Amino acid sequence: MSKRRTYLHNAALLTGSGLVLRALGMGFRIVLAAYLGSEGMGLYQLILALYMVFVSFATAGVNVASARLAAQSLARGSGMAETLRGLCITALGFGTAAMLAQSVLAGPCARYLLHDVRAETALLILAPSLPFMAMSGAVRGCFLAARRVQPNITAQLIEQLVRMAVAAAGLRVLAQWGAGYGCAAVLLGNTVSESVSCGIMLAFAARTPEFAPRPGAPLHPYTRKELYDILWPVEGSRLLASALQAAESSLIPYTLAIYTGSRAEAVAQYGSLKGMALPLLFFPFSVLGALSGLLMPEITRAHTKGDTAAMRRLIFTMLRMTGAFSLAAGAGFVLLGAPLAGFIYRDAKVGRYVQLLGFVAPFMYLESMVDGVLKGRRTAGRVHLPGCQGWAVCAAFGLRRAVHVSGEYGGRRVKGSGGAACNIPIFAV
């Protein structure tokens with residue numbers, strides 16, 4: 001099969017599986033919203049925001065390094081057995097360190113950063129998932145570099161089904177005890193599913209010819225400098241971005257609680273936006289996300305071989321497709337977002353958020369795709385601030401609070417509420 005046909009075949013498989021996974025995820029979100037309510041969804045999103053800091057530490061650099069170094073090994077004509085082995089060892093080290101850090105810091109972070117002690121149990125349950133997630137990411141990147149997407153698709157589908165099954169069983173028992181226990185039940189599904197996914201990926205790797213040892217293959221197919229030149233810049237930028245987003249996520253309900261006078265109401269509003277509106281907004285991105293994942297190793301190959309023409313052709317094709325698709329998706333959310341969200345969640349407030357965020361959806365999609373291109377071109381060493389998603393969250397809350405306060409208390413309070421909303425992105429920066 002030619003490279004072009006292989007790429008299109010893989011893109012079709014990833015796009016189809018991405019849509020299935022997104023559909024399963026959306027269905028799962030609807031079930032979660034029914035069990036947990038807006039406040040529970042807000043607490044769930046706060047826990048995930050902090051968890052993503054440790055996920056970034058465990059996986060961000062390794063995921064990018066695996067795809068690029070494996071593609072580099074293939075471009076040089078060397079086998080990938082030692083590349084995979086070295087990357088898995090590195091991933092296990094980062095994952096274990098992240099697990100220990102999250103376990104130690106779960107209590108203080110829940111109390112002083114999230115301002116909700118109910119989050120501690122869920123954070124402790126999530127910690128063991130980090131080594132499994134890191135190793136899965138390393139193997140997944142090697143499969144993408146080898147142009148084999150079926151193992152990734154199979155593992156992700158099984159992972160999602162296991163997550164949903166464990167979470168649903170746990171919610172039936174624990175949701176009645178409160179939002180904290182409900183979130184713990186849901187996130188237990190994450191830990192179990194990550195371990196299952198890791199086992200599946202390693203089993204596929206053991207049976208894949210490209211990963212078998214080759215006679216005469218170098219014991220060290222990449223240097224430490226090559227690894228660290230990818231690892232540390234990506235690790236630092238992602239860790240900084242996720243830490244700022246976690247702080248921002250904590251600040252949003254904290255600031256809202258000052259003006260609503262109720263922490264529960266503030267967390268519920270945050271849950272409506274971050275836990276319901278934004279997942280719906282990013283549902284169409286599965287189409288572009290598949291292309292982004294495939295583009296990075298292809299661009300790395302072209303960059304390694306010095307094929308500037310091929311690299312430019314890939315980048316310009318991506319920009320044209322992203323521009324057309326994202327504009328269509330944004331227009332659809334502006335026109336149909338409110339009735340669609342109302343139908344799915346039975347909540348008019350979520351519909352207003354989706355409609356408002358439809359205006360910035362094209363910028364969100366484009367930023368995510370460009371990020372993948374920069375990683376492929378080895379320019380991911382820049383330290384970037386949180387992207388458009390964080391700004392969209394702040395803008396939506398700021399606008400809604402200003403309108404709400406204006407109607408309820410008069411113009412005298414609008415200035416204070418708007419100032420608080422504007423301080424959220426300033427704090428993130």
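Note that the coordinates shown come from a computational prediction; the quantities given were computed from them, not determined experimentally.

Side note on the pattern of salt bridges
So, step 1. Enumeration according to the criterion identifies 6 salt bridges in this entry.
So, step 2. Note that Arg163 is salt-bridged to Glu159, the shortest N-O span being 2.7 Å. Placement of the pair is Arg163 and Glu159 together in helix 5 (residues 150–174), with a separation of 4 residues, close to one helical turn. Each of the two residues, Arg163 as well as Glu159, counts as buried.

Topic: the packing of helix 4 (residues 129–145) against helix 6 (residues 179–206)
So, step 1. Contact geometry of helix 4 with helix 6 gives a least axis separation of 8 Å together with a crossing angle of 35 degrees. Note on packing geometry: the crossing formed by helix 4 with helix 6 is left-handed. Packed against helix 4, whose contacting residues are Ser129, Phe132, Met133, Met135, Ser136, Val139, Arg140 and Phe143, the element helix 6 presents Thr191, Glu194, Ser195, Ser197, Cys198, Met201, Leu202, Phe204 and Ala205 at the interface.
So, step 2. In terms of residue class, the contact of helix 4 with helix 6 is made up of 10 nonpolar, 5 polar and 2 charged.

What to know about helix 4
So, step 1. A rise of 1.5 Å per residue sets the reference length of helix 4, with its 17 residues, at 24 Å; its end C-alpha atoms lie 25 Å apart and thus fit the reference within 8%.
So, step 2. Where helix 4 terminates, the next one or two residues include Arg147, which has phi positive at roughly 60 degrees.

Some details on the packing of aromatic side chains
By convention here, two paired aromatic rings are described through the distance between centres and the angle between planes.
So, step 1. A complete count under the given rule lists 5 aromatic pairs for this structure.
So, step 2. Ring plane angle 65 degrees and centroid distance 4.9 Å describe the contact between Phe143 and Phe211, whose orientation is recorded as edge-to-face. Here Phe143, found in helix 4, pairs with Phe211, found in the loop between helix 6 and helix 7 (224–260); they are 68 residues apart in sequence, far enough to count as distant. By the burial criterion, Phe143 is buried, and Phe211 matches it.
So, step 3. Taken together, the ring pairs in this structure connect Phe57, Phe94, Tyr228 and Trp232 into an aromatic cluster.

As for the environment of Ile315
So, step 1. Position of Ile315 relative to the elements: it lies in helix 10 (residues 308–345).
So, step 2. Distance in space between the C-alpha atoms of Ile315 and Ile299 is 8.3 Å, their sequence separation being 16 residues.

What to know about the layout of surface pockets
A water-sized probe rolled over the atoms picks out the places where empty space is left.
So, step 1. The volume enclosed by the second largest pocket comes to roughly 380 Å³.
So, step 2. What lines the second largest pocket is a set of 13 residues, among which Gly86, Thr90, His220, Tyr222 and Arg224 lie closest to the centre.
So, step 3. Secondary-structure elements contributing two or more residues to the lining of the second largest pocket are helix 2 (81–113) and helix 7.
So, step 4. The leading source of residues in the lining of the second largest pocket is helix 2, at 5 residues.

A short note on the state of the cysteines
So, step 1. Per the stated rule, a full pass over the model turns up 0 disulfides.
So, step 2. With no disulfide of its own, Cys198 lies closest to Cys88 among cysteine sulfurs, the gap being 7.8 Å.
So, step 3. Classification of Cys198 by relative accessible area gives buried; the value is 5%.

Side note on the nonpolar core
Side chains of a nonpolar character, in soluble globular proteins, are inclined to be buried together.
So, step 1. Core analysis: the biggest nonpolar cluster contains 93 residues, and Leu32, Ile47, Leu87 and Tyr365 have the highest contact counts within it.
So, step 2. It is helix 1 (residues 3–75) that contributes the most residues to this core, 23 residues altogether.
So, step 3. Those residues in contact with Leu87, other than ones at most four positions away along the chain, are Val62, Ala65, Ser66, Leu69, Ala138, Cys142, Tyr222 and Leu227.
So, step 4. Ile299, Ala302, Met311 and Ile315 belong to the second largest nonpolar core, which has 5 residues in total.

Here we look at a nonpolar patch on the surface
So, step 1. On the surface, Phe316, Leu319 and Leu366 cluster together to form a nonpolar patch covering roughly 250 Å² of accessible area.
So, step 2. Among the secondary structure elements, Leu366 is positioned in helix 12 (residues 361–376).

Observations regarding the packing of helix 3 (residues 119–126) against helix 6
So, step 1. Between helix 3 and helix 6, the shortest axis-to-axis distance is 8 Å and the interhelical angle comes to 10 degrees. In terms of their interaxial angle, helix 3 and helix 6 are classed as roughly parallel. In this structure, helix 3 uses Thr121, Ala122, Ile125 and Leu126 to contact helix 6, whose residues at the interface are Ala184, Leu187, Leu188, Asn190 and Thr191.
So, step 2. Looking at side-chain class alone, the contact of helix 3 with helix 6 contains 6 nonpolar, 3 polar and no charged residues.

Section: the environment of Leu126
So, step 1. Residue placement: Leu126 occurs in helix 3.
So, step 2. Counting along the chain gives 79 residues from Leu126 to Ile47, while the straight-line C-alpha distance between them is 9.7 Å.
So, step 3. When neighbours within four sequence positions are excluded, Leu126 is seen to be in contact with Ile47, Tyr51, Gln102, Leu187, Asn190 and Thr191.

Quick word on helix 5
So, step 1. Helix length check: helix 5, at 25 residues, gives a terminal C-alpha distance of 36 Å against a target of 36 Å (1.5 Å per residue), a fit within 8%.
So, step 2. Every buried residue of helix 5 is accounted for by Pro151, Asn152, Ile153, Ala155, Glu159, Gln160, Arg163, Ala167, Gly170 and Leu171.

The rules we used
- Residues numbered from 1 in each chain as written.
- Predicted model: local features only at pLDDT ≥ 70, side-chain atom pairs only at ≥ 80, totals over all residues.
- Heavy atoms only, no water.
- Salt bridge = Lys/Arg side-chain N within 4 Å of Asp/Glu carboxyl O.
- Helix = DSSP H or I, 4+ residues; strand = E, 2+ residues; numbered from the N terminus.
- Buried < 20%, exposed > 50% of the residue type's maximum accessible area, 1.4 Å probe, protein only.
- Axes fitted to C-alpha atoms, helices over the stretch in contact; angles between N-to-C directions.
- Left-handed = near helix turned anticlockwise from the far one by under 90°.
- Contact = heavy atoms within 4.5 Å.
- Nonpolar A, V, L, I, M, F, W, Y, C, P; charged D, E, K, R; others polar.
- Expected span 1.5 Å × (residues − 1).
- Phe/Tyr/Trp six-rings, centres within 6.5 Å; stacked < 30°, edge-to-face > 60°.
- 1 Å grid on protein atoms, 1.4 Å probe; cavity = no way out; pocket = protein on both sides within 12 Å on 5 of 7 lines; lining within 4 Å.
- Points joined across faces, edges and corners; volume = space filled by probe spheres on them.
- Disulfide = S-S within 2.5 Å.
- Core = buried A, V, L, I, M, F, W, Y, C linked by side-chain atoms within 4.5 Å.
- Patch = residues over 30% accessible without salt bridge, like charges linked within 9 Å, V, L, I, M, F, W, Y side chains within 5 Å.
- Areas by Shrake-Rupley, 256 points an atom, 1.4 Å probe, with all protein chains shown as cover.
- Parallel < 35°, antiparallel > 145°, perpendicular 65-115°, else oblique.

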